[in-house]
Amino acid sequence: AAAPKVAVVGAGVIGLSTALCITETWPSCSVTVLSDQFSPNTTSDVAAGMLIPHTYPGTPIHVQKQWFKETFSYLFAISNSAEASEAGIHLISGWQVFKNTPKEELPFWSDVVLGFRPMSEAELQKFPHHLFGQAFTTLKCDCPPYLLWLEKRLKAAGTQMYTRKVSDLWDLHSEYNIIVNCAGLGAHHLVRDEKLFPVRGQVLKVHAPWVKHFIRDGDGLTYIYPGIHRVTLGGTREKDSWSLSPDPGTTKDIFDRCCSLEPSLQEAQDIKVKVGLRPSRWCVRLEREVLSQGRVQLPVVHNYGHGAGGFSVHRGTAKEAARLVGECIAALQGSSSRAKL
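Treat the numbers as computed from the prediction; the structure is a model and nothing was measured. (Residues numbered from 1 in each chain as written. Predicted model: local features only at pLDDT ≥ 70, side-chain atom pairs only at ≥ 80, totals over all residues. Heavy atoms only, no water.)

Helix and strand content of the protein chain: nine helices and 14 strands. Relative to the globule expectation of 20 Å for 341 residues, the C-alpha radius of gyration of the protein chain, 21 Å, shows essentially globular dimensions. Scored against the burial criterion, the 341 residues of the protein chain give a buried share of 55%. For the protein chain, the accessible surface area stands at approximately 15,600 Å², while carbon and sulfur atoms represent 54% of it. Put simply, the protein chain has 36 plus and 32 minus side-chain charges, and the middle of one group is 4 Å from the middle of the other. (Helix = DSSP H or I, 4+ residues; strand = E, 2+ residues; numbered from the N terminus. Rg over C-alpha atoms; globule rule 2.2 N^0.38 Å. Buried < 20%, exposed > 50% of the residue type's maximum accessible area, 1.4 Å probe, protein only. Areas by Shrake-Rupley, 256 points an atom, 1.4 Å probe, with all protein chains shown as cover. Lys, Arg positive; Asp, Glu negative; His and termini not counted. Charge placed at Lys NZ, Arg CZ, Asp CG, Glu CD.)

The final tally for this structure, using the stated rule, is eleven aromatic pairs. Look at F98 and F132: their rings are 6.0 Å apart centre to centre, the planes differ by 45°, and that puts the pair in the tilted class. Here the residue F98 occupies a position in strand 3 (residues 89-98), and F132 occupies one in strand 5 (residues 132-141), the gap between them amounting to 34 residues. You can call F98 buried: its relative accessible area is 11%. With a relative accessible area of 11%, F132 lands in the buried category. (Phe/Tyr/Trp six-rings, centres within 6.5 Å; stacked < 30°, edge-to-face > 60°.)

Looking now at the pattern of salt bridges. Applying the stated criterion across every chain, the model contains 23 salt bridges. A salt bridge links K65 to D111, with the shortest nitrogen-to-oxygen separation between them at 2.9 Å. Taken together, the residues span a long stretch of sequence, with K65 in helix 3 (residues 61-79) and D111 in the loop between strand 3 and strand 4 (114-118) at a distance of 46 residues. Taking the relative accessible area as the measure of exposure, D111 reaches 56% and is therefore exposed. One salt bridge in this structure joins D142 and K140, with 2.9 Å as the shortest N-O distance. Residue K140 is classed as buried on the basis of its relative accessible area of 4%. Within the structure, one salt-bridge network assembled from shared partners comprises R288, E320, R323 and E327. (Salt bridge = Lys/Arg side-chain N within 4 Å of Asp/Glu carboxyl O.)

If you look at the biggest cluster of nonpolar residues, it comprises 63 residues, and the most contacted ones within it are V6, V8, V33, L75 and Y146. No other element matches the nine residues that helix 9 (residues 310-340) contributes to this core. Among all residues touching V8, those that are not within four sequence positions of it are G15, A19, I22, V31, T32, V33, L34, V180 and C182. If you look at the next biggest cluster of nonpolar residues, it comprises 21 residues, including L204, L233, C259 and A268. (Core = buried A, V, L, I, M, F, W, Y, C linked by side-chain atoms within 4.5 Å. Contact = heavy atoms within 4.5 Å.)

On to the packing of helix 1 (residues 13-25) against helix 6 (residues 143-156). In the contact formed by helix 1 and helix 6, the axes pass within 10 Å of each other and the chain directions differ by 30°. Between helix 1 and helix 6, the angle falls in the class roughly parallel. In the packing of helix 1 onto helix 6, the handedness of the crossing is left-handed. Contacts between helix 1 and helix 6 involve V13, L16, S17, A19, L20, T23 and E24 from the first element and Y146, L147, L150, E151, R153 and L154 from the second. Considered class by class, the residues forming the contact of helix 1 with helix 6 number eight nonpolar, two polar and three charged. (Axes fitted to C-alpha atoms, helices over the stretch in contact; angles between N-to-C directions. Parallel < 35°, antiparallel > 145°, perpendicular 65-115°, else oblique. Left-handed = near helix turned anticlockwise from the far one by under 90°. Nonpolar A, V, L, I, M, F, W, Y, C, P; charged D, E, K, R; others polar.)

What follows deals with the pairing of strand 7 (residues 178-181). Working note: regular strand, side chains alternate between the two faces of the sheet. Neither face of strand 7 is open: one carries I178 and V180, the other I179 and N181, and all of them are buried. Two elements, strand 1 (residues 5-9) and strand 7, share four bridges in a ladder whose sense is parallel. In the strand pairing of strand 7, V9 is matched with N181. Note that strand 7 and strand 14 (residues 296-306) share three bridges and pair parallel. Note on strand 14: the bridge partner recorded for N181 is H302. (Pairing = 2+ DSSP bridges.)

Let us now look at the state of the cysteines. Evaluation of the coordinates by the stated rule reveals zero disulfides. The closest cysteine sulfur to the non-disulfide-bonded C29 is located on C328, 10.0 Å from its own sulfur. Note on C143: no disulfide assigned, nearest cysteine sulfur contributed by C141 at a separation of 6.0 Å. Take C143: its relative accessible area is 2%, and that puts it in the buried class. (Disulfide = S-S within 2.5 Å.)

With that out of the way, let us pick up the side chain of K140. Inspection of the secondary structure assignment puts K140 in strand 5. A polar atom in the side chain of K140 sits 2.9 Å from the backbone oxygen of A48. Not counting residues within four places of it along the chain, the set of residues in contact with K140 comprises A48, G49, M50, G88, I89, H90, I92, Y225, P226 and G227. (Polar contact = N/O pair within 3.5 Å; in protein donor to acceptor, adjacent residues only side chain to side chain.)

Function-wise, these values are silent; they only describe arrangement.
In structure tokens:
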């Protein structure tokens, strides 16, 4: 049979890493990435790219842990290679602090990150309004370079990339055998997923090279994430807000909250404001589906709805999506060999 043609819809971190996993796992496939936006104009470009898992209520914890573990070890290997700087990946240490002791002092991912421990009394003196904290080392991706690095890897593997707005998956059925839907928030319209909703995030990217440790308030709303060139200050979680325009009042609020955690940020220079809409649902949609119109069938693999936690699990979910693509290939080859009988 001819090499199966696979179209991946979406070019954020989920789409690109899924396309890469497919090319690595099924080298005989011809893979094409279709998206109306590529870096630097994707939601992933706004993300801070910190590997601190977001918990999905609808996904079993052992599955989330596996996704995180696979992503962490994948990025850890890159961070230990000569490619680290180009891919924008580095280790970063810091603190997650709480005003009250959290219900679980050991989160499910504590043994995946490096050196996880409770904070000492001396460290907590840095945070007079917080009673409890956790210190650990994790990985951070600077997102625009990481997306470009993924694109480079894809081009080297012969993957085609086209700017194209896909508004109906059936438009692709004459050109491709298998469709992989990594459209993020676009899936709301593309596959009419009413369970998918935006959670608006506004962040500031500032120049403050003296800030070397991440600091995250345990509620997840206020955070300081140093990257290679700029520090990301956040943030907001505005459910069902579709606005991509920065709000000046929010900017001041984020800046003030971050300065109360790290007063030296008062001197931060060159503040840029970014807004992204996280594609959220109660669990990541990662499954195989066969769409049919009359006798025509279209195999689809869905991998979207990662909300605030996409970077932390992107490689793990991409591996699972690639496995599901393998099931589609096997089904196609099974049906074509049956057709020959």
